[in-house]
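Below are the chains, spelled out letter by letter.
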Amino acid sequence: MSDVLAVADHREGEPRDGSYRLITAGRELVAETGGTLHLVVVGGDADRLAEDLARAGVDRIHTLRHEQAFNHDLYVEAIEAVVADVEPQFVLAPNSVNGMDYAPAVATALDWPIVTDAIDIAYDGSLTATREMYGSKVQTDVRVSEPVAVVTIRDSEWEPTEDAGDPTITPIETAEAESLGSRVLDIEDTGAGDLDIAEAEFIVSVGRGIEEEENLELIERLAETTGATLAASRPIVDNGWLPSNRQVGQSGKTVEPDVYIAIGISGAVQHLAGMKQADTIIAINTDPDAPIFEVADYGINGDLFDVVPALIEEFGGTPP
Amino acid sequence: MRVAVTVREVAAVDDNFEVSGTSIPEQYLEYDLNEWDDYAVEEAVQLKEARDEDVEVVVVAIGPERSEETIRMALAKGADRAVRIWDDALADPPLLDVRTQRTVLAAALKAEDPDLVLTGVQASDDAFGATGVALAHALGYEWAAVVNDLDVVDPSEPATVHRELEGGLEEVTEVNLPAVFTIQTGINEPRYASLMGIRQAQSKELQVLDLDALGIDRDAITPALELEAMYKPTSESDAEMIEGGPDEAAGELAEIVRDAGVIEG
């Protein structure tokens, strides 16, 4: 009852990077609980995926072969079966879009508590998860007052594990879900188009701070004047002010330009995930505590409506 | 057809705030309808408007009396009636865990027997992002999480949804009804309530239920999570802050950009 069962994430026949980070988190947790680490791979060519995921510290990999498309009913059934078999103390899953689709159902099916989007976990007889609230403005330490829990983690907070290991690989004995309640019909790429912001060397990116659609002209002018590529954070695309192939972040594009100027972007974690690899990050924001400054190399704590026109003039342009 | 929308009133925090113990004092908080739920309400109302036959949109919320203003806002945008659930047993602790929320909401929704339940992907304050799916499983409904496109033909036929995956990908999925869908921002353009809507909302039915009315045993909602600490994250920023007026700052910034070699000429 001190084991940890981690749930691998995979897409298009390959383990997702987060799976290797999840293994690291699982290894750290079992070091504290004194148990062993199990991994479960659901769907696709699970046994081949298990070979890829055979990393040091993983004791056993449980596999359920199925078609490649994601299906949460299969995850719930497979995880329930493994939990009944090995009786782990914690189920560890990625807080990915698919993780969000099965983990809460697993917790309900097992009648276990669930903690989501943990950025750190610790165990001292019971589990404490560190998680953010109020749009990353505060962190909280949340203690699970029951011995067991389903925990989803923000896997980017852990390093991927690289050492090869030699876990036992065993198929899951289950009466595969006979009638699935949902079926994947297709996967579409909405980020496609003539423009690929991922290839840009210089990006000027705009967020909620621009306030009104009419004001976008100001940022467009800066991009034109400097030859930069115009991009945006999620709210701008949600509002329909720019097309989705301009969106930087977890659900949009990941970019790595030489220079990234974030204008009026507070820096939600999903946005940071898509741009923190840029060489030089410059942030302009009125809130000195905005998370964007955590990843910025240079910051201006000021009003974009004052700074951007001045910047356009610096580069020889005329503000609108 | 009946569509239930579960909504939350959430608190947003001022830029300059302090933490006191494990909470943020009221003076720094501003309450509003959860942004994701706003999109869920809009999706339900659009579904109602697009169909000839009768569609009833019922808003269901857990919240104290204060949250009625937020619930009325959802009614003003076109929902037909609302159910608010509150009980002293829910007031403490302040952090309602996912299990408590889904137990309470499931009891309320069983009585409503909707064909479709819409809710936001997550609440902007506690950001659990788990209640909708947990609720679906508790109700024995089908579900899909992080939906940014929804097509419902008829309650007797599967709905087609798009789930927003990472990296610009969308999964097109067919889901049997009844189902719970957690709605992602950007799926539609939430309307502002009209003056007439706000007036009409005042006379729409808003039922208030406590745990007894839902037949929930208070012992069954023991919270599983204990909020031990709340604090501002320690800054790991090594950003060089550029001081001075806009012109001065812009001058310095231009130099940094030029030095990076991304400007031609």
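Please read all numbers here as calculations on a predicted model, not as lab measurements.

Pairing is antiparallel across the open sheet formed by 4 strands, whose spatial order is β8(A)-β9(A)-β10(A)-β12(B). Looking along the sheet, the strands with just one partner apiece sit at the ends: β8 (120-123) of chain A together with β12 (225-231) of chain B. In this sheet, adjacent strand axes meet at a mean angle of 25° when their direction is disregarded. Looking at chain direction, strand β9 (residues 127-133) of chain A and strand β10 (residues 138-144) of chain A are connected through 6 bridges and run antiparallel. When the bridges of β10(A) are listed, Thr128(A) appears paired with Arg143(A).

Right, let's get into the packing of aromatic side chains. Scanning all chains against the criterion turns up 4 aromatic pairs over all chains. Consider the rings of Phe70(A) and Tyr102(A), whose centres lie 6.4 Å apart with planes at 40°: the pair is tilted. Residue Phe70(A) is located in the loop between β5 (58-64) and α3 (72-86), and its partner Tyr102(A) is located in helix α4 (residues 97-110); the two are separated by 32 residues in the primary sequence. The pair Phe70(A) / Tyr102(A) is uniform in exposure class, with both members buried. Arranged with centres 4.5 Å apart and planes meeting at 20°, the rings of Tyr75(A) and Tyr102(A) form a pair that is stacked. Of this pair, Tyr75(A) sits in helix α3 while Tyr102(A) sits in helix α4; the two residues are 27 residues apart in sequence, bridging distant segments of the chain. A relative accessible area of 3% means that Tyr75(A) is categorised as buried. What links up through ring pairs into an aromatic cluster is the set Phe70(A), Tyr75(A) and Tyr102(A). The cationic tip of Arg66(B) hangs over the ring face of Tyr31(B); the distance from NZ or CZ to the ring centre is 3.6 Å. Taking the ring centre of Phe17(B) as reference, the NZ or CZ of Lys232(B) above it sits at 4.4 Å.

Right, let's talk about helix α5 (residues 131-139) of chain B for a bit. Every α-helical turn comprises 3.6 residues, leaving residues that sit three or four positions apart pointing alike. Most of α5(B) sits inside the fold, with 7 of its 9 residues counted as buried. By the burial criterion, the buried members of α5(B) are Thr131(B), Gly132(B), Val133(B), Ala134(B), Leu135(B), Ala136(B) and Leu139(B). Looking at the buried residues of α5(B), the elements they touch are α4 of chain A together with β1 (2-7), α4 (98-112), β6 (116-120), β7 (142-151) and β10 (179-183) of chain B.

Tracing the backbone shows His62(A) in strand β5. Not counting residues up to four positions away in its chain, the partners in contact with His62(A) are Leu5(A), His38(A), Leu39(A), Val40(A), Val41(A), Val82(A), Asp85(A), Val86(A), Thr170(A) and Ile172(A).

Next up on the list: unusual backbone geometry. Cis geometry is found at the peptide bond from Leu177(B) to Pro178(B), where omega equals 0°. For Pro178(B), the position within the fold is in the loop between β9 (169-175) and β10. Despite not being glycine, Glu12(A) has its phi angle at roughly 55°, a positive value. Inspection of the secondary structure puts Glu12(A) in the loop between β2 (10-11) and β3 (14-15). Positive phi is not limited to glycine here, since Asp111(A) has a value of about 55°. With respect to the helices and strands, the residue Asp111(A) is situated in the loop between α4 and β7 (114-118).

Ranked by internal contacts, the top residues of the largest apolar core, which has 109 residues, are Ile79(A), Leu92(A), Tyr102(A) and Ile24(B). Residues within four places of Tyr102(A) in sequence aside, it is in contact with Val7(A), Phe70(A), His72(A), Tyr75(A), Val76(A), Ile79(A), Ala93(A) and Pro94(A). Ranked by size, the runner-up nonpolar core spans 37 residues in total, among them Leu47(B), Ala61(B), Leu118(B) and Val161(B).

Looking along a regular strand, one sees the side chains alternate between the two faces of the sheet. Residues and elements named next belong to chain A. Because side chains alternate across β8, one face comprises the buried residues Ile121 and Tyr123, and the other comprises Asp120 and Ala122, none of which is buried. Sheet topology places β8 next to β9; 4 bridges connect them, and they run antiparallel. Across the sheet, Ala122 pairs through a bridge with Thr128, a residue of β9. What sits between the antiparallel neighbours β8 and β9 is a turn of 3 residues, in which Gly125 has the positive phi angle 105°.

Okay, the packing of helix α9 (residues 304-314) of chain A against helix α7 (residues 246-259) of chain B next. Packing of α9(A) against α7(B) leaves a shortest axis separation of 8 Å and a crossing angle of 55°. With respect to α7(B), the axis of α9(A) lies oblique. Here α9(A) and α7(B) pass one another in a crossing that is right-handed. Residues Asp306(A), Val307(A), Ala310(A), Leu311(A) and Glu314(A) of α9(A) lie in contact with α7(B), whose contacting residues are Pro246(B), Asp247(B), Ala250(B), Gly251(B), Leu253(B), Ala254(B) and Arg258(B).

With that out of the way, let us pick up the interface of chain A and chain B. Frequently, the measure chosen for interface size is the accessible area removed from exposure when the parts meet. Residue-level contacts link 84 residues of chain A with 82 residues of chain B. Together, the buried faces of chain A and chain B total about 7,200 Å²; carbon and sulfur atoms form 56% of this surface. A salt bridge links Lys137(A) to Asp15(B); the nearest nitrogen and oxygen atoms lie 3.4 Å apart. Our enumeration of links across chain A and chain B arrives at 46 residue pairs in polar contact (both at pLDDT 80 or more). The element best represented in the side of chain A that touches chain B is α4(A), accounting for 9 residues. Residue classes in the side of chain A that touches chain B are distributed as 34 nonpolar, 24 polar and 26 charged.

Okay, the packing of helix α2 (residues 68-76) of chain B against helix α6 (residues 195-202) of chain B next. Residue and element names in this part refer to chain B. The N-to-C vectors of α2 and α6 enclose an angle of 120°; their axes lie 8 Å apart at closest approach. Between α2 and α6, the interaxial angle falls into the category oblique. Between α2 and α6 the crossing geometry is right-handed. In this structure, α2 uses Arg72, Leu75 and Ala76 to contact α6, whose residues at the interface are Gly197, Ile198, Ala201 and Gln202.

One open sheet accounts for 10 strands, arranged β13(A)-β9(B)-β8(B)-β7(B)-β10(B)-β6(B)-β1(B)-β4(B)-β5(B)-β11(B); its pairing is mixed. Unpaired on one side and paired on the other, β13 (182-189) of chain A together with β11 (206-209) of chain B mark the two borders of the sheet. Pairs of neighbouring strands in the sheet enclose a mean axial angle of 35°, with direction left out of account. Alignment of β7(B) against strand β8 (residues 159-164) of chain B, held across 4 bridges, turns out to be antiparallel. Bridge assignment links Asp151(B) to a residue of β8(B), and that residue is Thr160(B). Here α3(A) sits on the sheet in contact with β13 of chain A together with β7 of chain B, set at roughly 160° to β7(B). Packing of α4(A) onto the sheet brings it into contact with β7, β8 and β9 of chain B, and relative to β7(B) it is tilted by some 145°.

The rules behind each value
Residues numbered from 1 in each chain as written. Chains lettered and ligands numbered in written order. Predicted model: local features only at pLDDT ≥ 70, side-chain atom pairs only at ≥ 80, totals over all residues. Heavy atoms only, no water. Pairing = 2+ DSSP bridges. Helix = DSSP H or I, 4+ residues; strand = E, 2+ residues; numbered from the N terminus. Axes fitted to C-alpha atoms, helices over the stretch in contact; angles between N-to-C directions. Phe/Tyr/Trp six-rings, centres within 6.5 Å; stacked < 30°, edge-to-face > 60°. Buried < 20%, exposed > 50% of the residue type's maximum accessible area, 1.4 Å probe, protein only. Lys NZ or Arg CZ within 6 Å of the ring centre and 35° of its normal. Contact = heavy atoms within 4.5 Å. Core = buried A, V, L, I, M, F, W, Y, C linked by side-chain atoms within 4.5 Å. Parallel < 35°, antiparallel > 145°, perpendicular 65-115°, else oblique. Left-handed = near helix turned anticlockwise from the far one by under 90°. Buried area = accessible area lost by both parts, 1.4 Å probe. Salt bridge = Lys/Arg side-chain N within 4 Å of Asp/Glu carboxyl O. Polar contact = N/O pair within 3.5 Å; in protein donor to acceptor, adjacent residues only side chain to side chain. Nonpolar A, V, L, I, M, F, W, Y, C, P; charged D, E, K, R; others polar.

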